[in-house]
Structures are given as structure tokens and as C-alpha cells.
Amino acid sequence: MTRAAMLRGLSRAIVYTQTGDPTSVLSARTFSLPPPAPGTLNVKLLLAPINPADINVVQGVYPARPSLEALPDSAPTDQLFVAGNEGVAQVTHVASDVAGLNVGDWVIMTKPQSGTWASARQLRPDDVLKIPREAGEVHAATITVNPPTAWNMLNNFVHLNEGDFVVQNGANSAVGQAVIQIAAARGLKTLNFVRNRPDFPDLASKLKALGATEVLTYDDLTDRALVKTIMKDWTAGKGIRLGLNCVGGKDTTNMMRLLGEDAFLVSYGAMSREPLTLPTSPFIFSNLTCTGYWQARWSKTHSREDKESLMKSLVDLIVAGKASALKEPEHEILTIGAQDSDEVAAQKVRDIMSKLLKGQYGKKVLLNMESPV
Ligand SMILES: NC(=O)c1ccc[n+]([C@@H]2O[C@H](COP(=O)([O-])OP(=O)(O)OC[C@H]3O[C@@H](n4cnc5c(N)ncnc54)[C@H](OP(=O)(O)O)[C@@H]3O)[C@@H](O)[C@H]2O)c1
């Protein structure tokens, strides 16, 4: 093999050998990626997001985790976890026995915890789905977790008619923003709650530009007069039938008061780490259903055709030209350069972890890991 060919085969991954504090357990490893083994393909990762759940996986407090693996040029006993669940990649090599995928295709991951915080990986065709390039890199890198979660929560619990309200907290999260946009595309109204902050008016304007009907803070939920107005005037006395909970804690208890008869309160996140306490009476007298939603479970229990169909619906929303109903999440790209040493690469990731762990970062961070030279 020529030196150039060998260099093309180098990859780098963000790895850990034991779960714990992401600002200390993460490191970077450079390894050489062999040509695809039979039944596999090699991909170059284009962008991979850092989602809150990815941080929880590294911390060891999330129910899903990657499998231990040995990198291709390591001893079988040198086992580690490669971090990263979501991302978009470009196919660079395909084994001769693999059909339906070609060099240059863009793919997203269908297998959870595929180890996407890497510059290149070897994957199985069953673990990826082709995605059209028109989706754009940022959308494609962030399309398998948050938008489908929003889509399924809006569709799978309550039959909503045009003009109906949905209420949610954590409305400025990536999921919350997808909820706002998908709901608006369906003609649904959204009542959106966020934490108070000095630049609240700017945040409210930004969410309204995405299609939010109303944006309020958790403090507003303790204003009895406002709650009465929402119930009586905004929802024409019907109350709201779908509430989405990203946060937990007492703010969610307060938000539940906006729900009407036969409503669903669907919890998908626990960002405040506070338990959810609910009064008993709405369960008895208003037939409240309080349940949870996990996209990973949906993926595990649905067919490849279901996943393709959901991705198509989302891509259709994205690529509708000027009428695009789903905008890219606000983001920044963290590049791990080809010239960076493994130590520099790891430090860049650990630094962003410590910023994200402080909260209120406001932007989705996407890793762009160049192949090392
Ligand atoms: N169940 C599922 O299938 C599923 C799928 C996707 C995501 N999720 C979960 O959904 C949540 C949001 O994910 P994402 O990717 O959309 O996140 P994101 O874009 O990083 O947004 C994080 C959100 O959490 C809020 N937040 C952070 N710390 C908080 C605290 N202590 N109290 C109250 N709010 C807090 C942030 O509000 P500020 O701006 O005020 O900080 C922001 O709205 C995460 O818990 C994630 O694991 C679940």
C-alpha cells in the first residue's frame, strides 16, 4: 500500500473506556481503517451532533449505551466505547457484495449508538439509511432523533384538528423547535414555555418566527389570571389535549393545569432532573393520561419501511424550497482538524462538554471530525 493510500485509511474517534464525567473520561484515538470487509461499507462522517442524551450515555446514566469494541488496529482485548449516536456520513468504499449503496451516497444511522463521533467508520448496510443530499448536512446530521420525536409525539397520542393547541415546556430545545414547526405545518397552535432569561423577548421572537403561537415563561404558569384566560379564551374553554414535557419538576405540574378533558401529558425529557409530581384529581375527573415517549423504542419496534416513510415525511418538510417548514437547528460546528493531535482533539471535545454541562448554551454543537494526517 502506498503512503498516500495508508493516510487515506486513517480515522480518529472520540472514545472512553469507562463511563463518568465527560470532561475527564473522553479521549481521542487515531486508528487505521481497513477496506470494507464483506457485507460492510466504509463511511466518512460529515457531521455528528452532541445531544443531551449523548452526554448522559457517557455519564452512564442513560438506558442505552454503545457496545464495547476493539478498534480495527487494536488488540481484541483493548476494548472501548466509541461515543456518538447520530450523524450524517458519506459512503467512501462499498464491499463488492453490498447492494443498494454507492460511493458518494449520504447515509444516516438507524442503529442506535453507532459511534458517530469519528472521522470514518466501517458499518453494515442494515444499520444505515440513504438520505438525499438536498436535505443539507446539518439537517441530515440531526434528523434521526429530534424531528422524529416531535413528529411522533404530535401524531401518536391524540387526534388533533387544525386550530387545536399543543402545550410544551423546554420549547426552545431542538425537539421543542421541531414541535413548533411541525405543528405549524399542520395548522396546529402551540403554547410554548421556556425558562425566564434576560433576552426572553429575543427568544420569544425567534420561536414565533418558527411558527410558535404564544411563548411564555414558567413564571407565567403561576399567574392564575393568565392560566384562566388561556383555558377560557385561547382554547375556547376546551383546555389543551396534548402536553409535551421536556423538563419535569414543578413547572410541569403547573403546566398540567392547562390540560383539558381526555388529555395526554407526554414526557420525553427530564432536563431539570426534578421528579414529576401530579395531583390525582385530573386522572379521576378529567381522564388525564400521563405517559412517556422514547424515540429509541419506536425505532426498535418499527420496520425499516416505517423509518423510511417517517424520514421521507421529514425530508419533504425540509426541502420544500422557500416554503421549507423545518429549519436547521441553531448550531455551531466544532471542527477537529486533520492536523490536531489526539490530545488536542480530546481537549476540544472535553472543553465543549464542560460548556454544555453548564446549560443555557443555546446552540446545537455538531462535530466535524477531519481524518487525521
Ligand atoms: N425521549 C426521546 O425519545 C427523546 C428524543 C430526543 C430528545 N430527548 C430529550 O429531550 C431533551 C431535549 O433534547 P434536545 O436535543 O432538544 O436538547 P437541546 O436542544 O440541547 O435543549 C436543551 C433544553 O433543555 C433545557 N434545559 C436545560 N437544563 C435545564 C434545566 N435545569 N431546567 C429546565 N430546562 C433545562 C434548555 O433550556 P435553557 O435554554 O433554558 O437552558 C433547552 O430547552 C433532552 O432531555 C433529551 O435527552 C428525548
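The preceding data block contains the structure.
Scope of this entry: the structure provided in the associated data block. Because the structure is predicted, anything quoted here is derived from the model rather than measured.

Reading guide: rules and limits
- Residues numbered from 1 in each chain as written.
- Predicted model: local features only at pLDDT ≥ 70, side-chain atom pairs only at ≥ 80, totals over all residues.
- Heavy atoms only, no water.
- Helix = DSSP H or I, 4+ residues; strand = E, 2+ residues; numbered from the N terminus.
- Rg over C-alpha atoms; globule rule 2.2 N^0.38 Å.
- Buried < 20%, exposed > 50% of the residue type's maximum accessible area, 1.4 Å probe, protein only.
- Contact = heavy atoms within 4.5 Å.
- Pairing = 2+ DSSP bridges.
- Right-handed = clockwise from strand over helix to strand, strands pointing away.
- 1 Å grid on protein atoms, 1.4 Å probe; cavity = no way out; pocket = protein on both sides within 12 Å on 5 of 7 lines; lining within 4 Å.
- Points joined across faces, edges and corners; volume = space filled by probe spheres on them.
- Nonpolar A, V, L, I, M, F, W, Y, C, P; charged D, E, K, R; others polar.
- Domains from an automatic or database assignment.
- Expected span 1.5 Å × (residues − 1).
- Arc of directions from axis to C-beta.
- Near = heavy atom within 4 Å.
- Polar contact = N/O pair within 3.5 Å; in protein donor to acceptor, adjacent residues only side chain to side chain.
- Areas by Shrake-Rupley, 256 points an atom, 1.4 Å probe, with all protein chains shown as cover.

The secondary structure content of the protein amounts to 13 helices and 17 strands. Over its C-alpha atoms the protein spans a radius of gyration of 22 Å, differing by no more than 12% from the 21 Å that the globule rule assigns to 373 residues. Overall size of the protein, expressed as C-alpha extent along the three principal axes, is 75 × 40 × 35 Å. The buried share of the protein, reckoned over its 373 residues, is 50%. Put simply, 70% of the contacts in the protein that link residues at least 6 apart link residues at least 24 apart.

Looking at chain direction, strand β16 (residues 331–336) and strand β17 (residues 364–369) are connected through 6 bridges and run parallel. Across the sheet, the residue bridging to isoleucine 333 is leucine 366, located in β17. Handedness of the β-α-β unit built from β16, helix α13 (residues 342–357) and β17 comes out right-handed.

On to empty space enclosed by the protein, then. Summed over the entire model, instances satisfying the criterion amount to 1 cavity of 30 Å³ or more. Here the largest cavity defines a volume of roughly 150 Å³. Lining the largest cavity are 14 residues; nearest its centre among them are Pro147, Ala174, Ala178, Lys327 and Pro329. Looking at the lining of the largest cavity, the elements that each hand over two or more residues are α5 (146–155) and α6 (174–185). In terms of residue count, the dominant contributor to the lining of the largest cavity is α6 (4 residues). By residue class, the composition of the lining of the largest cavity is 7 nonpolar, 5 polar and 2 charged. Split by domain, the residues of the lining of the largest cavity number at least three in each of domain 1 (3–142 + 328–369) and domain 2 (146–297).

For the rest of this paragraph, the subject is helix α12 (residues 304–318). Given a rise of 1.5 Å per residue, 15 residues ought to cover 21 Å, and the 21 Å separating the end C-alpha atoms of α12 matches this to within 8%. Every buried residue of α12 is listed here: Lys307, Leu310, Met311, Leu314, Val315, Leu317 and Ile318. Down the axis of α12, the sector holding all buried residues measures 155°, keeping them to one side. Opposite the buried face of α12, by more than 90 degrees, sit the exposed residues Glu305 and Lys312. Its buried side turned inward, α12 meets β7 (106–109), β9 (128–130), α4 (137–141), α5, α6 and α11 (295–301).

So, on to the site of the ligand. Taken together, 25 residues sit near the ligand, with Asn172, Arg195, Tyr293, Gln295 and Lys364 positioned nearest. Taking glutamine 295, its main chain carries an N or O atom lying 2.6 Å from an oxygen atom of the ligand. Relative to its unbound accessible surface of 920 Å², the ligand loses 85% to contact with the protein. For the shell around the ligand, the elements supplying multiple residues, two or more each, are α3 (52–59), α5 and α6. When grouped by side-chain class, the residues that make up the shell around the ligand number 12 nonpolar, 10 polar and 3 charged.

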